[in-house]
Amino acid sequence: MINNFREESLKHVGGIRGSGKCLLIGEVAQTHDGSLGAAHAFIDAIADAGADAVKFQTHIADEESTPGEPWRVKFSPQDETRFDYWKRMEFSKDQWRGLKDHADERGILFLSTPFSERAAEILSEIGMKLWKVASGEVGNIPLLKRISASGDPVILSSGMSDWEELDLAVETIREAGNPLAVLQCTSAYPCPPERVGLNLLEVLRERYGVAVGLSDHTGNIYAGLAAVTLGADVLEVHVTLSREMFGPDVPASLTTQELRQLVDGTRQIERMKSSPVDKDVAGDDLTELRLIFTKSVVASTGLPAGTTLTAAHLKLKKPGNGLPAKEIPKLIGRRLKHALKADEMLQPYHIDG
């Protein structure tokens, strides 16, 4: 199931990444602030940073909200209500198609989270091939069934769900046979380190037997790198073009430069994890360095032949091409067959018997 999710999702990325790679998603959400031009700029920036996918959110106010929907944070002086804000965030189907075409041209996967069945229909019509279910939609079984009907891979966020609700969502998608990934997510913006919940990656993997990952809202790269080290199959982070941009998600976002660091760190971690080191073999490869940096047993002062060696007669000095330090206990009490100069390395033929 895990490999199936990776293969089915990554095969849609231009220049296919290999199995075993973490799918790294740059989340724009609403940070484009309703500007189609800004949305396109995000695609270029996220592609340039090396991420696998760019993700938006598809809102249709009349399909998902009532005029009385409250603000999470009243941040927008130009929108009197939350409903007005969602209206301003809407793109047409042709505009969404243009954004997907742009992502295709840049060789990264296009995702947009639908917040209504109509939004899912639009995204299906433009050919989107990987679905993301937002934390607040996990209990929306009609939407889950509409998405699952595509047969395409699904990423399920878990930030607002208890186990009972999450179990039902996973069962619904599994019954349809879609490849599935479940993400640990804490719906706090930004999320403090002690609430990230990295421990839940393994819990999710054991409970559902599917690909797992992290939807990260910390606003820095550390939680993401830790998740990759722990074997996350998917990593989603919010992205902003600048810390000075407008919008409620900016404090929980990475800049595009930080996203580049996260991508580079992720790929290095993957290389480390896929390349186990044999300590004995690694030691053999360091023979020349050992000769330079390790030490050998030498005479601490000039010693005449016949000297019975004590610890005071011996020192350890570089280079390491003589008797090693571990031989010192065997040398104590032995007699010299040959005289030694100060700093002269002891050799087996110097020792009587």
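Residues numbered from 1 in each chain as written. Predicted model: local features only at pLDDT ≥ 70, side-chain atom pairs only at ≥ 80, totals over all residues. Heavy atoms only, no water.

Draft legend 1. Expanded view of the side chain of E236. Here E236 is to be found in strand β8 (residues 234-240). A polar side-chain atom of E236 sits 2.6 Å from a polar atom in the side chain of S215. Beyond its immediate chain neighbours, meaning those up to four positions away, E236 contacts I25, E27, K55, K132, L183, L214, S215 and D216. (Helix = DSSP H or I, 4+ residues; strand = E, 2+ residues; numbered from the N terminus. Polar contact = N/O pair within 3.5 Å; in protein donor to acceptor, adjacent residues only side chain to side chain. Contact = heavy atoms within 4.5 Å.)

Draft legend 2. Representation of the pattern of salt bridges within the structure. Counted under the stated rule, the structure contains 23 salt bridges. Between D104 and K100 there is a salt bridge whose closest N-O contact spans 2.8 Å. A residue pair is termed a helical-turn pair when its members lie 3 or 4 positions apart in one helix, as D104 and K100 do in helix α5 (residues 93-106) at four residues. For D104, a relative accessible area of 38% gives the class partly exposed. Note on K100: relative accessible area 12%, which makes it buried. As a salt-bridge pair, D233 and R205 come within 4.0 Å of each other at their nearest N and O atoms. Taken together, the residues D233 in the loop between α10 (222-229) and β8 and R205 in helix α9 (residues 200-208) connect sequence positions 28 residues apart. Each member of the pair, D233 together with R205, is buried. Shared partners join several salt bridges into a network, and the residues in it are K21, D52, R267 and E270. (Salt bridge = Lys/Arg side-chain N within 4 Å of Asp/Glu carboxyl O. Buried < 20%, exposed > 50% of the residue type's maximum accessible area, 1.4 Å probe, protein only.)

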